[in-house]
Amino acid sequence: MDFSFTDEQRHFVEAIRDFCKRETGTSEQRERLTKGYTEAHSAEIYSKMAELGWLGVTIDEAYGGSGGGMVDACLFMEETSRGLAPIGGYGTTLIVAGAVQRFGTEEQKRQILGGIAEGSVEAIAMTEPESGSDVGSLSTSAERVNGGFVINGQKVFCSNARIAGHILVVCRTTKSEDKHEGLSMIFVPRDAEGLRMDPIETMGGRETAHLYFTDCEVPEDALLGEVDRGWMQLMAGLNVERLILAATMLGTARRAFEDALAYVKERRQFGKPIGSFQALQHRLADMATEIEAARLMTYWVASRVDEDPDRMLPREASMVKLFVTERAKQIALEGMQMMGGYGYSSEYDMERLVRSTLVSTIYGGTSEIQRNIIAKTLGL
């Protein structure tokens, strides 16, 4: 099994590292770009990355991308997360890009994929107040009216909706005894009449929002793929969604580890660096080992996706999402513990790393749901 990267991929990683060091390398830069750490996405940084051609890494050249695969995307997400680049809108954008590449019309590909390559952010809305892990129970409806669709209902915890060009709404177009039948995916412009957004204040800022649809009308060509085939289309994208979360948290875990390691080498107590104490040395050794295991698993799954993008990998995708996010959470918490009060202080990045890793075991399918899926693949 070959996990080596090409020269082009290594140069890509070096370029991202140089960019992050130059553009987001200081706490002053990051504070300014995130409006005092209240925003997870910087349009300024995102625009610069678009100019470099990085945002279209997985998009076909015909639509302005570079035609790369998931290994390339994971390299990008790992390094930008490690470099603390505030591009929180990229994850949901990549999920939408994958759905459009698989099911979009030629016009949708030109509009959505071309826009992504140029720097637009996209969002996807699934979760509802009464429909979280059980996505099939969602009730937001889309009825055919005047040759288009009229959407009514409510979504919650929709990441990046406020900065997105469009929101890909998963809604019910046909009532059926099977809750997984009758779902469709429909694009709604952010500024559509009949759509109201209310930001949700969370530990991580205002990244997510409530969405309220009241007779929100969109045309027929806003439909992505086929009517009533939304569940199948969602399942086809799970490999990518879970890899996105894994690669992002891999980079976050690396940053937490590196910050903790630098701190214990400098912080002195009892007359010597605290990194000289065996208790911390062993914990750091475990953290380093877990990061390498997480990295191997991430790129193993990414390489399998690239071998056959249409192949479903429910076990592997759930395993990588579960393992990497849980390890990232633990590593960040360990880093905070080693840094003591400084790890809890907003003066340092560690407390923000802890917050971002905590939620990673919840969104995109909780760790408990991932374990359920893995158990099913074992015949349990």
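Structure's up top.
Residues numbered from 1 in each chain as written. Predicted model: local features only at pLDDT ≥ 70, side-chain atom pairs only at ≥ 80, totals over all residues. Heavy atoms only, no water.

Caption draft 1: Fine view of the overall build of the protein chain. Broken down by element type, the protein chain carries 13 helices and 10 strands. For 380 residues, the compact-globule estimate of 2.2 N^0.38 gives 21 Å, and the protein chain sits close to it at 21 Å. When its C-alpha atoms are laid out on the principal axes, the protein chain stretches across 75 × 50 × 40 Å. Looking at the protein chain as a whole, 49% of its 380 residues are labelled buried. For the protein chain, the exposed area adds up to about 17,600 Å²; of that, 51% sits on carbon and sulfur atoms. Between the averaged position of the 41 positive side-chain charges in the protein chain and that of its 56 negative side-chain charges there is a distance of 7 Å. (Helix = DSSP H or I, 4+ residues; strand = E, 2+ residues; numbered from the N terminus. Rg over C-alpha atoms; globule rule 2.2 N^0.38 Å. Buried < 20%, exposed > 50% of the residue type's maximum accessible area, 1.4 Å probe, protein only. Areas by Shrake-Rupley, 256 points an atom, 1.4 Å probe, with all protein chains shown as cover. Lys, Arg positive; Asp, Glu negative; His and termini not counted. Charge placed at Lys NZ, Arg CZ, Asp CG, Glu CD.)

Caption draft 2: Seen up close, the pattern of salt bridges. Applying the stated criterion across every chain, the model contains 29 salt bridges. A salt bridge links Arg-254 to Glu-78; the nearest nitrogen and oxygen atoms lie 2.6 Å apart. Placement of Arg-254 in helix α8 (residues 238–266) and of Glu-78 in helix α4 (residues 70–82) is noted, with a sequence separation of 176 residues between them. Accessibility classification places Arg-254 together with Glu-78 in one group, the buried group. A salt bridge links Glu-307 to Arg-311, with the nearest nitrogen and oxygen atoms 3.2 Å apart. Through salt bridges with shared partners, a single ionic network connects Arg-17, Glu-78, Glu-79, Arg-82, Arg-254, Glu-258 and Arg-295. (Salt bridge = Lys/Arg side-chain N within 4 Å of Asp/Glu carboxyl O.)

Caption draft 3: Broad picture of helix α6 (residues 106–118). For α6, with 13 residues, the first-to-last C-alpha span of 17 Å sits near the 18 Å given by 1.5 Å per residue. Burial in α6 covers these residues: Gln-108, Lys-109, Ile-112, Leu-113, Gly-114, Gly-115, Ile-116 and Ala-117. Those residues of α6 hidden inside the fold are in contact with α3 (43–51), α5 (90–103), β1 (122–125), β4 (166–172), β5 (183–189) and β8 (223–224). Of the residues flanking the end of α6, it is Gly-119, one or two places downstream, whose phi is positive at about 120 degrees. (Expected span 1.5 Å × (residues − 1). Contact = heavy atoms within 4.5 Å.)

Caption draft 4: Fine view of the pairing of β5. Counting buried residues in β5 gives 6 out of 7 residues, a clear majority hidden from the surface. Relative to β5, β4 is paired through 7 bridges, and the arrangement is antiparallel. The residue of β5 that forms the bridge with Val-170 is Met-185. In the sheet, β5 pairs with β8 via 2 bridges, with the strands oriented antiparallel. Across the sheet, Ile-186 pairs through a bridge with Leu-223, a residue of β8. (Pairing = 2+ DSSP bridges.)

Caption draft 5: Molecular detail of the packing of α4 against α8. Interhelical geometry of α4 versus α8 gives an angle of 35 degrees and a closest axis separation of 7 Å. Relative to α8, the crossing made by α4 is right-handed. Two secondary-structure elements touch here, α4 through Met-70, Cys-74, Met-77, Glu-78, Glu-79, Ser-81 and Arg-82 and α8 through Val-240, Leu-243, Ile-244, Ala-247, Thr-248, Leu-250, Gly-251, Thr-252, Arg-254, Arg-255 and Glu-258. When the residues that make up the contact of α4 with α8 are grouped by side-chain class, the tally is 8 nonpolar, 4 polar and 6 charged. (Axes fitted to C-alpha atoms, helices over the stretch in contact; angles between N-to-C directions. Left-handed = near helix turned anticlockwise from the far one by under 90°. Nonpolar A, V, L, I, M, F, W, Y, C, P; charged D, E, K, R; others polar.)

Caption draft 6: Region of interest: unusual backbone geometry. Here the phi dihedral of Lys-35 falls at roughly 55 degrees; this positive angle occurs in a residue that is not glycine. Tracing the backbone through its elements, the reader meets Lys-35 in the loop between α2 (27–33) and α3. Residue classification places Lys-35 among the exposed positions, given a relative accessible area of 63%. A positive phi angle, near 65 degrees, is found at Tyr-37, a position not held by glycine. Mapped onto the elements, Tyr-37 comes out in the loop between α2 and α3.

Caption draft 7: Examining the packing of α8 against helix α10 (residues 314–339) more closely. Running from N to C, α8 and α10 point in directions that differ by 20 degrees, and their axes come no closer than 8 Å. In this view, α8 runs roughly parallel relative to α10, as classed from their interaxial angle. Classified by chirality, the crossing of α10 by α8 is left-handed. The residue makeup of the contact of α8 with α10, split by class, is 20 nonpolar, 4 polar and 2 charged. (Parallel < 35°, antiparallel > 145°, perpendicular 65-115°, else oblique.)

Caption draft 8: Structural detail: the pairing of strand β3 (residues 148–155). Taken together, the 5 bridges between strand β2 (residues 141–145) and β3 define a ladder with antiparallel strand orientation. When the sheet's bridge partners are listed, Glu-143 is paired in β3 with Val-150. Linking two consecutive strands that pair antiparallel, namely β2 and β3, is a turn of 2 residues; a positive phi of about 55 degrees is found at Asn-146 within it.

Caption draft 9: Local environment of the nonpolar core. Grouped together as the largest cluster of nonpolar side chains are 104 residues, with contacts concentrated most on Phe-76 and Met-77. No other element matches α8, which puts 13 residues into this core. Setting aside residues up to four positions removed in sequence, Met-77 forms contacts with Met-70, Tyr-90, Leu-94, Ile-244, Ala-247 and Thr-248. (Core = buried A, V, L, I, M, F, W, Y, C linked by side-chain atoms within 4.5 Å.)

Caption draft 10: Main features of the state of the cysteines. Enumeration over the complete set of coordinates arrives at 0 disulfides. No disulfide involves Cys-74; its sulfur sits 16 Å from the nearest other cysteine sulfur, which is in Cys-20. Classification of Cys-74 by relative accessible area gives buried; the value is 0%. Counting only cysteine sulfurs, Cys-216 is the nearest neighbor of Cys-171, a cysteine outside any disulfide, at a range of 10.0 Å. (Disulfide = S-S within 2.5 Å.)

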